[in-house]
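What the coordinates show
Here is how the chains run, residue by residue.
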Amino acid sequence: MAALPIDPRPLNADERAVLENILSADFVGASELRSQLDRTEVIAIWGADSVSVDLQVREPCQHAALPEVILPVDTQVHDPSGAYVGEILVWTERGATLAALEFAWVTDEMPTTLPSVEDGQLIWPA
C-alpha cells in the first residue's frame, strides 16, 4: 500500500505517547531520537483509516547512528486480556532520523487507533 501524502502536521498525542514509550528503552541512538520528537512531523498516512504514518524530522537535529533502520526494541501490543494483537515498528531514515511509525497487526480488522501506554505496556482495546 502506497503512503498518502498529507500536509505536514505535528505528532498527535497518541503518536507522541507511543514514540516516547518506545524511545524510553535503552539502546544506542535512543537519546538522539528522543531529542527529535519536538521536530518530528507526520507527512503521510499509510491508508485512509491507517494509524501507520511516515515521519519527517525538521533540521537541525541530532542524528542517531543506528546500524539498522528499524529500532531494536520489542514493542509487542496486547489487548486487555493479554492476547497478542501485533507490534509497533519504528523506522528510521538510514538509522539517523525518525522516518515511520507502523502498527503491524495480526487481527482480522485493521486497528483504527494506536495502542495506549499503560504501566509501560502497549495495550490495544479489545
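Before any of the text, the structure's been laid out above.
Residues numbered from 1 in each chain as written. Predicted model: local features only at pLDDT ≥ 70, side-chain atom pairs only at ≥ 80, totals over all residues. Heavy atoms only, no water.

1. So, helix α1 (residues 13-23)
The test is simple: Exposed residues in this analysis have more than 50% of their type's maximum accessible area, buried residues have under 20%, and partly exposed residues fall in between, with area computed by a 1.4 Å probe over protein chains only. Counting from the N terminus, the helices are DSSP H or I runs at least four residues long and the strands are E runs at least two residues long. Residues adjacent in sequence count toward polar contacts only when both atoms are side-chain atoms; beyond that, a polar contact is any pair of N or O atoms within 3.5 Å, and within protein one must be able to donate a hydrogen and the other to accept it.
What α1 keeps buried is the set Glu-15, Val-18, Leu-19, Asn-21, Ile-22 and Leu-23. The backbone nitrogen of Asp-14 lies 3.0 Å from a side-chain oxygen of the residue at the head of α1, namely Asn-12.

2. Notes on the packing of aromatic side chains
Condition: Here the aromatic set is Phe, Tyr and Trp, taking the six-membered ring for Trp, and pairing holds for ring centres within 6.5 Å; pairs whose planes are under 30 degrees apart are stacked, those over 60 apart are edge-to-face, and all others are tilted.
Counting across every chain of the model gives 1 aromatic pair. Here the aromatic rings of Phe-103 and Trp-124 are separated by 5.9 Å at their centres, their planes lie at 80°, and the arrangement is edge-to-face. With Phe-103 in strand β6 (residues 97-105) and Trp-124 in the segment after β8 (121-123), this pair connects stretches of sequence that are 21 residues apart. The residues Phe-103 and Trp-124 share a single accessibility class, namely buried.

3. Quick look at the sheet that holds strand β2 (residues 40-45)
We apply this condition: Any two strands are treated as partners once DSSP identifies two or more bridges connecting them. Throughout, an axis means a line fitted to C-alpha atoms (over the contacting stretch in the case of helices), and angles, computed between N-to-C directions, take values from 0 to 180 degrees.
Overall, mixed pairing links the 8 strands, which are arranged β1-β2-β3-β6-β5-β4-β8-β7 in an open sheet. Looking at strand neighbours, the two that pair on one side only are β1 (4-10) and β7 (116-118), the edges of this open sheet. In this sheet, adjacent strand axes meet at a mean angle of 30° when their direction is disregarded. Pairing of strand β4 (residues 76-78) with strand β5 (residues 84-93), which is carried by 3 bridges, proceeds in the antiparallel orientation. Following the sheet pairing, Val-77 is matched in β5 by Gly-86.

4. Topic: empty space enclosed by the protein
Short version of the rule: Think of a 1 Å grid over just the protein atoms. A cavity is a set of points where a 1.4 Å probe fits yet cannot get out, a pocket is an open set with protein on both sides within 12 Å along at least five of seven lines, and lining residues have an atom within 4 Å of a point. Grid points are joined across faces, edges and corners, and a volume is the space filled by probe spheres set on the points. Amino acids outside the nonpolar list (Ala, Val, Leu, Ile, Met, Phe, Trp, Tyr, Cys, Pro) and the charged list (Asp, Glu, Lys, Arg) are all regarded as polar, and Gly is one of them.
Taken as a whole, this structure holds 1 cavity of 30 Å³ or more when the rule is applied. In this model, the largest cavity occupies a volume close to 30 Å³. Lining of the largest cavity is provided by Ile-22, Ile-70, Leu-71, Val-73, Thr-75, Ile-88, Leu-89 and Val-90. For the lining of the largest cavity, the leading source of residues is β5, giving 3 residues. Tallied by class, residues from the lining of the largest cavity come to 7 nonpolar, 1 polar and no charged.

5. Some thoughts on the pattern of salt bridges
Selection criterion: Salt bridges are counted wherever a side-chain nitrogen of Lys or Arg sits within 4 Å of a carboxyl oxygen of Asp or Glu.
Tallied over the entire structure, the rule returns 5 salt bridges. Its salt-bridge partner being Arg-9, residue Glu-15 comes within 2.8 Å of it at the nearest N-O pair. Accessibility expressed as a relative area gives 3% for Glu-15, which makes it buried. Here Arg-94 makes a salt bridge to Glu-93, at a shortest N to O gap of 2.8 Å. On the basis of relative accessible area, Arg-94 is assigned to the exposed category, the value being 69%. Connected through salt bridges with shared partners, the residues Arg-16, Glu-20 and Asp-38 form a single ionic network.

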